[in-house]
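The lines below spell out each chain.
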Amino acid sequence: MLLVAPQAQASGYEATPDGRALIDEMVKKYGFDGDRLASLLAEAERVDKILESISRPAERTLTWAQYRKIFIKPARIEEGLAFLREHDDTFARAEAEFGVPATIIAAIIGVETWYGNYLGNYRVLDALATLAFDYPPRSRFFRSELVQYLLMTREQRFDPLEVKGSYAGAMGYGQFISSSYRHYAIDFDDDGIADLLTNPVDAIGSVANYFSAHHWRKGEPVAEPVDARLAADSPLLTRELKPRLTVSDYRNAGLAPEVAVADDAAARAILLEGPDGEELWLTYHNFYVITRYNHSHLYAMAVFELAAELARGLAADNEKTSTTKES
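These notes cover the structure that comes with them. (Residues numbered from 1 in each chain as written. Predicted model: local features only at pLDDT ≥ 70, side-chain atom pairs only at ≥ 80, totals over all residues. Heavy atoms only, no water.)

## Here we look at the sheet that holds strand β4 (residues 245-246)
Okay, so step 1: With respect to topology, four strands assemble into an open sheet ordered β3-β6-β5-β4, the strand pairing being antiparallel. Both edges of this open sheet fall to β3 (223-225) and β4, since each of them pairs with a single strand only.
Okay, so step 2: By the bridge criterion, three bridges tie β3 to strand β6 (residues 277-284) in an arrangement that is antiparallel. Within β6, the position partnered with Pro225 by the bridge is Trp281.
Okay, so step 3: Sitting on the sheet, helix α5 (residues 64-71) touches β5 (266-274) and β6, and the angle it makes with β5 is about 90 degrees. (Pairing = 2+ DSSP bridges. Helix = DSSP H or I, 4+ residues; strand = E, 2+ residues; numbered from the N terminus. Contact = heavy atoms within 4.5 Å. Axes fitted to C-alpha atoms, helices over the stretch in contact; angles between N-to-C directions.)

Quick look at the structure:
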């Protein structure tokens, strides 16, 4: 059942008790103009489709086989390779400065927005107001994001009525929510604005910065398939996204990693319903870091596999170039 609050009165969100409280907070705490904020909230519209979408995210309703089919497809891989080639200098600089592979950065942008082709059609103000004031299950979170959005648009000199994004208010190439935008967006081309909405250079640098800030470990593995079986109720299949067992625990149970990884390294086994049946994977610290971007192991696996496909494509490109030069 969809849990939503009664629709705001025709006069708009600015006239509701919650709307007035937000305006008062923004005026007193952040020095906003109250009349301007009231005008903005008066223009914010409740969107019922947003309330429907947030109640059934794909990460909670699809199997890995179904989810994988959305993201691991030839067209997305080919466009990702073109995106990497087009911005090769930027990707190289981001990887050098932050230690995050270019293919992981590109895969995030590829999964989120198909490399900037689909940035979202909802006004962010509408999305955040709808969820802040008319979606009780997460109203506290989205109210905070609405505050962050108003601060962010003031800082970046964006018109808060013009910015568009996802049904959850995520924006730009990498679909940053407002708080992430304020904390992790960087001006990677030194033009004075951290523009993730239209500038792929800033977006590439900002995604790399996000992963660095969440402790991506350069050169360490992400995940690997394991040729073994575990019962669905095995204590080795933990529910939490954060690994709480070690590689040694899995080795002792007969699950032997093939990648070079220390016995005391954190690890988590996950069982997925793949295209050809059950798949058992060992995931490591960097896999967990990907879930800091979206709290789903299906999402992290899609990013990991898309990045692997992009890496194979780049390797094939390099081999062709090398063969041509030798000829």
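Here the narrative resumes, following the displayed structure.
## A few points about unusual backbone geometry
Okay, so step 1: In this model, Trp114 sits at a positive phi of 50 degrees, which is unusual for a non-glycine residue.
Okay, so step 2: Take Trp114: it is sitting in the loop between α8 (102-113) and β1 (122-123).
Okay, so step 3: A positive phi angle, close to 70 degrees, is found at His215, a residue other than glycine.
Okay, so step 4: One can find His215 in the loop between α12 (200-213) and β3.

## Quick word on the side chain of Arg292
Okay, so step 1: Relative to the assigned elements, Arg292 resides in the loop between α14 (285-291) and α15 (297-326).
Okay, so step 2: The side chain of Arg292 sits in the buried core without any salt bridge; Glu240 is the nearest counter-charge, 11 Å away. (Buried < 20%, exposed > 50% of the residue type's maximum accessible area, 1.4 Å probe, protein only. Lys, Arg positive; Asp, Glu negative; His and termini not counted. Salt bridge = Lys/Arg side-chain N within 4 Å of Asp/Glu carboxyl O.)

## Structural notes on α8
Okay, so step 1: With twelve residues, α8 extends 16 Å from end C-alpha to end C-alpha; this agrees with the ideal 16 Å at 1.5 Å per step.
Okay, so step 2: Burial within α8 is extensive, with eleven of its twelve residues counted as buried.
Okay, so step 3: Listing the buried residues of α8 in full gives Ala102, Thr103, Ile104, Ile105, Ala106, Ala107, Ile108, Ile109, Gly110, Val111 and Thr113. (Expected span 1.5 Å × (residues − 1).)

## Concerning the environment of Leu150
Okay, so step 1: Considering the arrangement of structural elements, one finds Leu150 in helix α10 (residues 139-156).
Okay, so step 2: Leu150 sits in the buried class, given a relative accessible area of 4%.
Okay, so step 3: Spatially, the C-alpha atom of Leu150 lies 18 Å from that of Thr16, the residues being 134 residues apart in sequence.
Okay, so step 4: Each residue touching Leu150, except ones within four places of it in the same chain, is listed here: Leu22, Met26, Phe32, Leu37 and Leu40.

## Some details on the packing of aromatic side chains
Okay, so step 1: Applying the stated rule across the entire model yields 18 aromatic pairs.
Okay, so step 2: Relative to Tyr173, the ring of Phe83 has its centre 6.5 Å away and its plane inclined at 20 degrees; by these criteria the two rings are stacked. You can see Phe83 sitting in helix α6 (residues 74-86) and its partner Tyr173 sitting in the loop between β2 (164-165) and α11 (178-184), a full 90 residues away along the chain.
Okay, so step 3: Using a relative accessible area of 6% as the deciding quantity, one classes Phe83 as buried.
Okay, so step 4: Between Tyr184 and Tyr210, the ring centres sit 4.8 Å apart and the planes meet at 70 degrees, which makes this aromatic pair edge-to-face. Residue Tyr184 is found in helix α11, and its partner Tyr210 is found in helix α12; the two are separated by 26 residues along the sequence. (Phe/Tyr/Trp six-rings, centres within 6.5 Å; stacked < 30°, edge-to-face > 60°.)

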